[in-house]
Amino acid sequence: MGPIQSATSDAGSAPKKQRKVMTLQEKVAVFGSFLENSSNILSELDEEFDSLYSILDEVKESMINSIKQEETRKSQELQSQISQCNNALENSEELLEFATRSLDIKEPEEFSKAARQIKDRVTMASAFRLSLKPKVSDNMTHLMVDFSQERQMLQTLKFLPVPKAPEIDPVECLVADNCVTVAWRMPEEDNKIDHFILEYRKTNFDGLPRVKDERCWEIIDNIKGTEYTLSGLKFDSKYMNFRVRACNKAVAGEYSDPVTLETKALNFSLDNSSSHLNLKVEDTCVEWDPTGGKGQEKIKGKENKGSVHVTSLKKHTRSGTPSPKRTSVGSRPPAVRGSRDRFTGESYTVLGDTAIESGQHYWEVKAQKDCKSYSVGVAYKTLGKFDQLGKTNTSWCVHVNNWLQNTFAAKHNNKVKALDVTVPEKIGVFCDFDGGQLSFYDANSKQLLYSFKTKFTQPVLPGFMVWCGGLSLSTGMQVPSAVRTLQKSENGMTGSASSLNNVTQDFERNLWMFCSL
């Protein structure tokens, strides 16, 4: 037992020695990094002071040139004035000599003539028009300097401080129209701030962000202001965390305290297990496939026995977080083609995988340009496998027909209301479950197309019908502000389909109670 214990002891000591060596290597690496950083800091300090010296030399040279230019200007002015005085003095001497000679003239007439000449020359003499006052002053005080303030500023030079953590103001933050505006402020003024870095991530946890979350922080750098708006977001999580940090030229400061904002919206996919055989369904896209059911007829008997597994379309890979309210349709294993639960016949229908049981929700649908016929709306879970959207009292929709003739209509309980509006490129669907309202909008202009007014007695599912074409939908959307505003005014208007529903309310309620049993 002794040798075995010794061997065990030696084997156990090897990792310890290795760990010590690794720790020493790490210390050496840290020390080397420290030396390198110190050297870099010293080099940057030298560069900054050299830059200051260079600026001071430039300013000094500029001020010296100003003094020399002023000196030259005044010297030239004085030299010019002295030269003029000398010329005037020479002219005056000549005039005095002429006057002296004139005193010797005996003839009165000649003397008078000379006197007049003396008078004219005296009148025109430059000496009598010159000012003996210097044109420039000897004062140079306007070029004196006082660098006491600048000297004090230089004496206050110090190392660049690390910026303090900003403070996000939740009151100023705004979540609307799938956009989030985040506003923050600095705890105190800091003119050294160059920019800010905003980080965000999606989460389903309320309150403070967790240290370990299922998603990484997304970074937005080089923000110059104290506010930023994230637009075009898909709200596929209940909340979003935000934090921000300030940066100066040298370093980034600490993060602000994180803030959690609610970004709840309806997220759903198309339920492949509920689709018609002739529909190809992938998450948020559905396309009509005329050959979809033919390949299944050959193995129909085997499928009924459960002996053959048919490869379905790729499973849903949700980019967002699953909705908290899943229907039994969405929670059960995907059914194979030919399942009796699927729509059949001419009901080329597929439902969403998430039930709406309360609240206000919004999603958008876009049809392919060559789509011959499609419907968009909602339906109860009890919609029959042969039922088409809008032709029963359990479904509401708008229907677009581009086959043979172009029609656009609202449908419910097999009653049709023709819509005298242009079919939009994308249709927005607004469902107010508690308020009993289903409205359709032009998703781009937010023009109201039609509105059903009813009382939903059961949870509803988004429903789609397509023939000869395809549809794509957008979920994870908040109810647009424009739609909310229009709903307030539209609620007081008539012309909705409430009259179509009043007759069937008791029947729907009784049917739902019967199915629940």
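Residues numbered from 1 in each chain as written. Predicted model: local features only at pLDDT ≥ 70, side-chain atom pairs only at ≥ 80, totals over all residues. Heavy atoms only, no water.

Naming follows an unreviewed UniProt entry, where the chain appears as Fibronectin type III and SPRY domain containing 1 like of Microcebus murinus.

Another aspect to go through is the sheet that holds strand β16 (residues 415-418). By way of backbone hydrogen bonds, the strands of a sheet pair with one another, either parallel or antiparallel. Taken together, six strands build an open sheet; the order of strands is β11-β20-β13-β14-β15-β16 and the sheet is antiparallel. Two strands lie at the open edges of the sheet, namely β11 (349-351) and β16, each paired on one side alone. Averaged over all adjacent pairs, the angle separating strand axes in this sheet is 20°, with direction ignored. As paired elements, strand β13 (residues 373-380) and strand β20 (residues 460-467) share eight bridges and run antiparallel to each other. For Ser373, the partnering residue across the bridge sits in β20 and is Trp467. (Pairing = 2+ DSSP bridges. Helix = DSSP H or I, 4+ residues; strand = E, 2+ residues; numbered from the N terminus. Axes fitted to C-alpha atoms, helices over the stretch in contact; angles between N-to-C directions.)

On to the packing of aromatic side chains. Counting across every chain of the model gives 14 aromatic pairs. An angle of 85° between the planes, with centres 6.2 Å apart, marks the rings of Trp288 and Tyr348 as edge-to-face. Within this pair, whereas Trp288 is found in strand β10 (residues 285-288), its partner Tyr348 is found in the loop between α6 (328-331) and β11, the two being separated by 60 residues in sequence. Under the relative-accessibility criterion, Trp288 is labelled buried at 19%. Look at Trp403 and Trp467: their rings are 5.6 Å apart centre to centre, the planes differ by 85°, and that puts the pair in the edge-to-face class. Here Trp403 is found in the loop between β14 (395-401) and β15 (407-412), whereas its partner Trp467 is found in strand β20, with 64 residues between them in sequence. Under the relative-accessibility criterion, Trp403 is labelled partly exposed at 41%. One aromatic cluster is present, formed by Trp288, Tyr348, Trp403 and Trp467 through successive ring pairs. Against the face of Trp217 rests Arg243, its NZ or CZ located 4.1 Å from the ring centre. Over the face of the ring belonging to Tyr255 we find Arg245, whose NZ or CZ atom lies 4.3 Å from the ring centre. (Phe/Tyr/Trp six-rings, centres within 6.5 Å; stacked < 30°, edge-to-face > 60°. Buried < 20%, exposed > 50% of the residue type's maximum accessible area, 1.4 Å probe, protein only. Lys NZ or Arg CZ within 6 Å of the ring centre and 35° of its normal.)

The next thing to look at is the sheet that holds β10. Taken together, the seven strands give an open sheet; going across it, the order is β9-β10-β21-β12-β17-β18-β19, and neighbouring strands pair in antiparallel fashion. Because the sheet does not close on itself, it has two edges, and the strands there are β9 (279-282) and β19 (448-453). This sheet shows a mean twist of 15° between the axes of neighbouring strands, independent of strand direction. The pairing of strand β12 (residues 360-367) with strand β17 (residues 426-432) spans seven bridges and is classified as antiparallel. Within β17, the residue paired with Tyr362 across the bridge is Phe430.

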